[in-house]
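If you want the building blocks of each chain, they are given just below.
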Amino acid sequence: AGDQQASLYACGRSIGTTKATYGTGTFVMQVTGNLPKYHRGFFTTLAASRGKKPLYALEAKIEGTGKLMSHALELKNETMLRNAIRRTAGKVAKIIRRLPIRPRTLVADGGTTKSPYLFEIQRELLGIPILPQKIYDGTALGIAKLARDSR
């Protein structure tokens, strides 16, 4: 499994499950079901499989956010970091509003979820609960769950 597919698997396999990774890159994914769906501005990807049935998702990558966040962290500038998080959260909100299924919650993972500002800002911009992944490294959690479920 790729990073984002594993991270999505860690969140769940129900149709409409939506997650955002805020790390070296920023990604949004949503489970769409057993048939591939095409939606403008998104990649269609195989997220996992349920027995013999494939499980598809939509994925969007948001460019430039990793560098923005890294720069703010290197300078240890809290105002710059908060602004970088706000810009990233704004881009995530824009993508999520374009998804075919309106999410009721958003699961968040990645290194930036260690910031107390992220959840507050993203919730303010989307108006839905933002839930942290059980551990910030959703990829590792997803791989562990895939290994457990494939036995």
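Before reading on, note that the structure itself is shown above.
The shown structure was predicted, so the numbers you read here are calculated from the model rather than taken from an experiment.

Turning next to the side chain of Q122. Along the chain, the position of Q122 falls in helix α4 (residues 116-126). A polar side-chain atom of Q122 sits 2.7 Å from a polar atom in the side chain of Y22. When residues no more than four places from it in sequence are discounted, the contact partners of Q122 are Y22, A89, V92, A93, L106 and I130.

Here the focus is the pairing of strand β1 (residues 18-22). Counted residue by residue, β1 has 5 buried out of 5 residues, so it is predominantly covered. Here β1 shows no split at all, with T18, A20 and Y22 on one side and K19 and T21 on the other all buried. From the end of β1 to the start of strand β2 (residues 26-33), which pair antiparallel, there are 3 residues.

With that settled, consider the pattern of salt bridges. Going through the model one piece at a time under the given rule, you end up with 3 salt bridges. A salt bridge links K61 to E63; the shortest N-O distance between them is 3.5 Å. With a relative accessible area of 40%, K61 lands in the partly exposed category. The closest approach of N and O atoms between E120 and R82, which form a salt bridge, is 3.0 Å. Taken as a pair, E120 in helix α4 and R82 in helix α3 (residues 78-97) lie far apart in primary sequence, 38 residues in all.

Once that is clear, we can look at the environment of F27. Here F27 shows up in strand β2. Sequence separation of F27 and T45 is 18 residues, and the distance between their C-alpha atoms is 13 Å. Setting aside its immediate chain neighbours within four residues, F27 contacts Q4, K19, A20, T21, E59, A60 and K61.

Structurally, L118 is set in helix α4. Here L118 falls in the buried class, since its relative accessible area comes to 1%. When the C-alpha atoms of L118 and I130 are compared, they prove to be 9.2 Å apart, with 12 residues separating the residues in sequence. With residues near it in sequence (within four places) discarded, L118 still touches Y22, I85, T112 and T113.

Rules used throughout
Residues numbered from 1 in each chain as written. Predicted model: local features only at pLDDT ≥ 70, side-chain atom pairs only at ≥ 80, totals over all residues. Heavy atoms only, no water. Helix = DSSP H or I, 4+ residues; strand = E, 2+ residues; numbered from the N terminus. Polar contact = N/O pair within 3.5 Å; in protein donor to acceptor, adjacent residues only side chain to side chain. Contact = heavy atoms within 4.5 Å. Buried < 20%, exposed > 50% of the residue type's maximum accessible area, 1.4 Å probe, protein only. Pairing = 2+ DSSP bridges. Salt bridge = Lys/Arg side-chain N within 4 Å of Asp/Glu carboxyl O.

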